[in-house]
Amino acid sequence: ADGQEAINSWNSTVCDTIDTAETNWLIMAKKAMREKLLEECKTLQNIDQKLDSLREIMPPSVELNLLVEEQLQEEMKKEGYIHSEILEKNRPQQHEETCDILTKILINSIAFFPGPMNELIVDLNSDGDSRLKLKAIDKLKELYTELSNEMQEYVLQTALTTTISSLESLPRFGSLSPYQLYVKAIDQGLIKPLRQDARISEDILTECKNIFLAVPPSVQARVLLKGILHPVSKLVNSITPMENVDDKENNKELETNIGERKNLDVHVVGGPVSQYHEEQRMDKKTLAKMEAQAEMVRDLLTAGGVVAVKLGQMLAEHPRMPNEYQRMLGSLREENDPMRIAQFWWNIPSAVKCQITDLGPLLGTGSVKQVHSAKFKDGTDFAVGILREGVEDEALSSISALETSKEIGPVATRLGRLVFGEFDLFQEGEALRDFAKTPIGTHALFRVVEVKHHSPRCLVEEIARGRSVASVLSEPRSKDEMERTKEILTEYHRAVFSAFVNDGIIHSDIHLGNAVKTDKGFVLFDVGQFERIGLPDTKALLWTLSAVSSEETMKILRNVAIAHLTSVCSLASSLLDTDDDDTLNAYVTADNADKPELMTKRLKRATTRHPLDESKIKKIKEEKLNEAFEEAIKPNKEGQIPEPKICYILFLRAAEKRGVEMPKGAFAVAKMIDCILSQQDQYLLYPVVDGCIETFLRQNMTWRETADILKKKFF
């Protein structure tokens, strides 16, 4: 009753406010004069005159920035480049606000709508009649449809951000606060459709919801808008601060979903089942629905920016994540709407900008970086990449919010390393130069682009001309082109793996969109942050990968793998020498509850602060690694041992959980091999990984290791 009263009051207030504004002769005269002047401005031929006129007609506002961008885009399309003098005279406004009173009314009316927000947004974007049957919504829709697509996006983003930011300060209606209702609506609107996919475990969904609620309101708003307007999305309940949700109805729906999950007969406890068995147990309609849900997850994460994208890549490593989601999340790339041309220009460092005569078209954009071509004073063309405006502040806000959450604080540390590593374009330039000197960069078929300038926020490099390898393989112009590209890709895989086993170089970002195909081979223009490890680490990781490759190798190669890992891994400092009682107690409680004698030794050692000797450390590492190995290969309820890739990740996680710090590159190697194997399967390439591993290990195997393997195999 309170909710309906609030909606009626809102409806009356909005109608009166719009009527008052539209009957105010000063407001309407000002609007009509501005529209007439803008029409005359369009008749001007010279780009300088047009931009000067726009600045005289419009006050500093989001509308002015959009009009300037429209003219610059037309000039870019017409001439191919924009002269630097034009861009220097058109600096965009940093803090955008609308200059139109009716647009302000529209934003605030949406922001403080006390009913189902998602239905209001859908109504504004639909062609038919309003489902909510309110006169105010019809008036708002008239204002909304008069706006350009860019302004519509601005209105919804601003309104929804305002709503989310205000939730905790709004008064309570009924048994739940507005924020509690919002949390419930998120669970029903965004998480519930994914919950119907029986292959996603509840712990993953809970973690995703907690992370979403911890990020800044602007990011939440962007993701929600993508979800509300997504063609696959079916937001079954309201995102509203005041309207309560019928618990009985929710319980019925939940029971239905649980029933559907049981009927699918797909078990997620103990690890995912194989793709083959999943397909056998599901009909085509169910599989199509799940593929659509995976597509929506991808788009929602992309809308969340760099933090969400990196989070998706981390979730891809989760051993209980379904195969389709692992592939989709693992290959997730940062994509975003590009910065406006003037905005891009004014973020280029002055030392670089003064060397540019003309700015060229967009070459690529992501959540972190945007790249345009540019002509320099010496007559050369280069690709200029800069960090996106505001990306650092948004990421810092997101990571900081995650760190304060008890449920997901531990995730934030690793996520922060992944995210902030993307923000240093100086290091990206260094990586390109270093990679050019590796066996991959010096290979006859592969070349790395030249770097002209690299600083923390700007990277200038040679333009890689041609079609991307991914584009060639998806849409080949001929059969010969396809076959030749596959041959070069196979050699690329061989070179990447050879560089790892022989030189300790881990190139884990083997993304085919980061290289172009030429007559001579591949030109690489983005190599990511590759890692280098020593020979002992390489041998330890390869023995471990081999040990989890089959049930037979789990028996005959286990001792050799554990021995190599023991020599290169280390124990967490809290296990060696600590006076932190909380850390010690947490360790004892987690791993040694059934070993009172070990608890006594740990407590005594922590009190005296004498470090353990090397022999004891080695014994503890062996014990912990064997425990982790047992946990990783433990069969699920159906008696099936997880597949090798999952076993390896489970082993790494189990070891870290026990305080064992694994060798540098342990996770990167898994990602590298997974990329190679995925591309081999997708394009039916000749396999190179198994042969390279076997050859390397045979060449580096000791007589003692040979004897141990033969003993395990035959006795």
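Keep in mind the model is a prediction, meaning the values are calculated, not measured. (Residues numbered from 1 in each chain as written. Predicted model: local features only at pLDDT ≥ 70, side-chain atom pairs only at ≥ 80, totals over all residues. Heavy atoms only, no water.)

## A few points about the nonpolar core
Core analysis: the biggest nonpolar cluster contains 146 residues, and Phe 497 and Phe 651 have the highest contact counts within it. Excluding anything up to four places from it in sequence, Phe 651 contacts Thr 544, Ile 562, Leu 565, Leu 625, Ala 628, Phe 629, Ala 632 and Met 662. Counting residues in each nonpolar core, the second largest holds 32 residues, with Leu 64, Ile 341, Ala 374 and Phe 382 among its members. (Core = buried A, V, L, I, M, F, W, Y, C linked by side-chain atoms within 4.5 Å. Buried < 20%, exposed > 50% of the residue type's maximum accessible area, 1.4 Å probe, protein only. Contact = heavy atoms within 4.5 Å.)

## Things to note about the packing of helix 7 (residues 117-125) against helix 9 (residues 149-166)
When two helices pack together, their arrangement is given by the angle between the helix axes and by the axis-to-axis distance. Axis separation between helix 7 and helix 9 bottoms out at 13 Å; the angle between their running directions is 170°. Viewed along their axes, helix 7 and helix 9 adopt a mutual orientation that is roughly antiparallel. The segment helix 7 lies against helix 9, with Met 117, Ile 121, Leu 124 and Asn 125 engaging Gln 152, Leu 156, Leu 160 and Thr 163. By residue class, the composition of the contact of helix 7 with helix 9 is five nonpolar, three polar and no charged. (Axes fitted to C-alpha atoms, helices over the stretch in contact; angles between N-to-C directions. Helix = DSSP H or I, 4+ residues; strand = E, 2+ residues; numbered from the N terminus. Parallel < 35°, antiparallel > 145°, perpendicular 65-115°, else oblique. Nonpolar A, V, L, I, M, F, W, Y, C, P; charged D, E, K, R; others polar.)

## Some words on helix 6 (residues 101-111)
Counting buried positions along helix 6 yields eight of 11 residues, so the element is predominantly enclosed. Buried within helix 6 are the following residues: Leu 102, Thr 103, Ile 105, Leu 106, Ile 107, Ser 109, Ile 110 and Ala 111.

## Some details on the confidence of the model for the protein chain
Across the protein chain, the average pLDDT comes to 79, with 77% of residues at 70 or higher. Low pLDDT (under 50) marks residues 234-282, which in the prediction has 110 contacts with non-local residues, meaning those over four places away or in another chain. (pLDDT = per-residue confidence, 0-100.)

## Considerations on the packing of aromatic side chains
The tally for this structure, following the rule as stated, stands at eight aromatic pairs. Where Tyr 179 meets Tyr 182, the ring centres are 6.3 Å apart and the plane angle is 45°; that geometry is what we call tilted. Of this pair, Tyr 179 and Tyr 182 both sit in helix 10 (residues 178-195), three residues apart, which is roughly one turn of that helix. Assessed through its relative accessible area of 29%, Tyr 179 is described here as partly exposed. Overall, Tyr 182 belongs to the buried group, its relative accessible area being 3%. Geometrically, the ring pair formed by Phe 376 and Phe 382 is edge-to-face, given 5.9 Å between the ring centres and 85° between the ring planes. What makes Phe 376 buried here is its relative accessible area of 4%. The ring of Tyr 81 is capped by Lys 375, whose NZ or CZ atom sits 4.3 Å from the centre of that ring. (Phe/Tyr/Trp six-rings, centres within 6.5 Å; stacked < 30°, edge-to-face > 60°. Lys NZ or Arg CZ within 6 Å of the ring centre and 35° of its normal.)

## Here's the deal with the sheet that holds strand 4 (residues 381-387)
Taken together, the six strands give an open sheet; going across it, the order is 1-2-3-4-7-6, and neighbouring strands pair in antiparallel fashion. A single partner strand is all that each edge strand has here, and the edge strands are strand 1 (82-83) and strand 6 (451-455). Pairing of strand 4 with strand 7 (residues 458-461) involves four bridges; the strand directions are antiparallel. Residue pairing in the sheet places Ile 386 in a bridge with Cys 458 of strand 7. Where helix 22 (residues 425-435) meets the sheet, its contacts fall on strand 3 (369-376), strand 4, strand 6 and strand 7, and the angle it forms with strand 6 comes to roughly 145°. (Pairing = 2+ DSSP bridges.)

## Things to note about the pairing of strand 3
Of all the eight residues making up strand 3, seven are buried; the element is thus mostly covered by neighbouring parts of the structure. Where strand 2 (residues 356-365) and strand 3 come together, six bridges link them in antiparallel fashion. Considered in strand 3, the bridge of Leu 362 is made with His 372. Connecting the antiparallel pair strand 2 and strand 3 is a turn made up of three residues. The pairing of strand 3 with strand 4 spans seven bridges and is classified as antiparallel. Within the sheet, the bridge partner assigned to Ser 373 lies in strand 4 and is Ala 383. The antiparallel pairing of strand 3 with strand 4 creates a hairpin that spans four residues between the two strands, and Gly 379 there sits at a positive phi of about 90°.

## Overview of the environment of Arg 494
Among the secondary structure elements, Arg 494 is positioned in helix 24 (residues 479-503). Overall, the relative accessible area of 30% leaves Arg 494 in the partly exposed class. Considering only alpha carbons, one finds Arg 494 and Ile 440, 54 residues apart in sequence, at a separation of 9.5 Å. For Arg 494, the contacting residues outside a window of four places in its chain are Tyr 686 and Val 688.

## Let's talk about the side chain of Glu 69
Position of Glu 69 among the secondary structure elements: in helix 4 (residues 62-79). With sequence-adjacent residues up to four places away left out, Glu 69 is seen in contact with Arg 340, Ile 341 and Ala 342.

## Concerning the environment of Ala 431
Here Ala 431 is to be found in helix 22. The sequence separation of Ala 431 and Asp 526 amounts to 95 residues, and the corresponding C-alpha distance is 8.9 Å.

## A word on the sheet that holds strand 10 (residues 522-524)
Read from one edge to the other, the open sheet built from three strands follows the order 5-10-9, with strand pairing classed as mixed. Taken across any chain shown, the strands that pair with only one partner, and hence form the sheet edges, are strand 5 (446-448) and strand 9 (515-517). Taking the axes of each pair of neighbouring strands and ignoring which way they run, one obtains an average angle of 25° across the sheet. Where strand 9 meets strand 10, three bridges bridge the pair, whose relative direction is antiparallel. Opposite Lys 517, over in strand 10, you have Phe 522 as the bridge partner.

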